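# What the coordinates show
Below, each chain spelled out in residue letters.
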Amino acid sequence: MKRQFLILIMTILFLSCSEQKKGKVVTYSEIVKAQNERIDTLTIFESQNLSDKNIIERFFPEENENVKFDTIVSALNLKISIQSTTLDTYVTNEYEIEGVKHIDKYRDSEKHLIIEKSNKIVIDTVFKKSDFTELTGKDFLKIADFHRYWFNKIENDTIEFFGVVSKPETDWSVAFYHSLDLKSMTFELEEFVDEEI
């Protein structure tokens, strides 16, 4: 009887140890700082072949998008609209973690500026990063995107905008003032220099 009981226990132990476990293994976790902070996690099951998952490609933002900002200066009867539209071109940032190649593609954008005075359009133009080559240089534009462009202030019949062309996921950027003289309707470009640095 003892012998049969011992054989039964050994058989149960043997069978339980030989079963394949189908748990999951988390191989990568990273915090991505874009406009919103979020955590992207790649989960690979043990039964999957890791070589099938050796490249991860992501787009920022995921889909093409349009974002519009309006500013109304009632004292001057002005309406300033800036619409940012993502393009099909992008800047690529590649790196490898734990044998997995990551390809992050940051979509470039153009900024559509419309200025209305007394409900009449006085400026309707589109800016791309290539419009600021004199500040950035052509080589920098190959690795950078047109990150931001926004209304800054109005002073002495001059509307001042502030723009940034930057290399994604770094602090390497070129910031600039872009001023419009409302009398001559001409733009002037000046690099922003942070004196605290």
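This section reports on the structure supplied with the text. (Residues numbered from 1 in each chain as written. Predicted model: local features only at pLDDT ≥ 70, side-chain atom pairs only at ≥ 80, totals over all residues. Heavy atoms only, no water.)

### Re the pairing of strand β4 (residues 66-73)
Our working definition: Two strands pair if DSSP finds at least two bridges between them. Helix numbering and strand numbering both begin at the N terminus, where a helix is a DSSP run of H or I of at least 4 residues and a strand a DSSP run of E of at least 2.
Two elements, β4 and strand β5 (residues 78-97), share 8 bridges in a ladder whose sense is antiparallel. Among the inter-strand pairings, T71 is bridged to a residue of β5, identified as I80. Linking two consecutive strands that pair antiparallel, namely β4 and β5, is a turn of 4 residues; a positive phi of about 55 degrees is found at N77 within it.

### Details of the packing of aromatic side chains
Formally: A pair of aromatic rings is counted whenever rings of Phe, Tyr or Trp (Trp by its six-membered ring) have centres within 6.5 Å, and the orientation is called stacked for planes under 30 degrees apart, edge-to-face for over 60 and tilted otherwise. When the NZ atom of lysine or the CZ atom of arginine is within 6 Å of a ring's centre and also within 35 degrees of its normal, the charge is said to sit over that ring.
Enumeration over the complete set of coordinates arrives at 15 aromatic pairs. Arranged with centres 5.7 Å apart and planes meeting at 90 degrees, the rings of F59 and Y90 form a pair that is edge-to-face. Here F59, found in strand β3 (residues 55-60), pairs with Y90, found in strand β5; they are 31 residues apart in sequence, far enough to count as distant. Feature note: the residues F127, F132, F146, Y149, F151, F161, F176 and F187 constitute an aromatic cluster, connected by ring pairs. Note that K111 overlies the ring of F146, its terminal NZ or CZ placed 5.1 Å from the centroid.

### Focus: the pattern of salt bridges
Heads up, the rule is: A pairing counts as a salt bridge when a side-chain nitrogen of Lys or Arg comes within 4 Å of a carboxyl oxygen of Asp or Glu.
Evaluated as defined, the whole model comprises 8 salt bridges. Here K101 ties to E94 by a salt bridge, and the two come within 3.4 Å at their closest N and O atoms.

### Comments concerning the environment of I103
To keep it simple, the criterion reads: For this analysis, residues touch if any pair of their heavy atoms sits within 4.5 Å.
As for its position among the elements, I103 is in strand β6 (residues 100-117). Sequence spacing of I103 and T92 is 11 residues, and the spatial spacing of their C-alpha atoms is 6.7 Å. The residues touching I103, leaving out its near neighbours within four places in the chain, are I55, I56, E57, R58, T92, N93 and E94.

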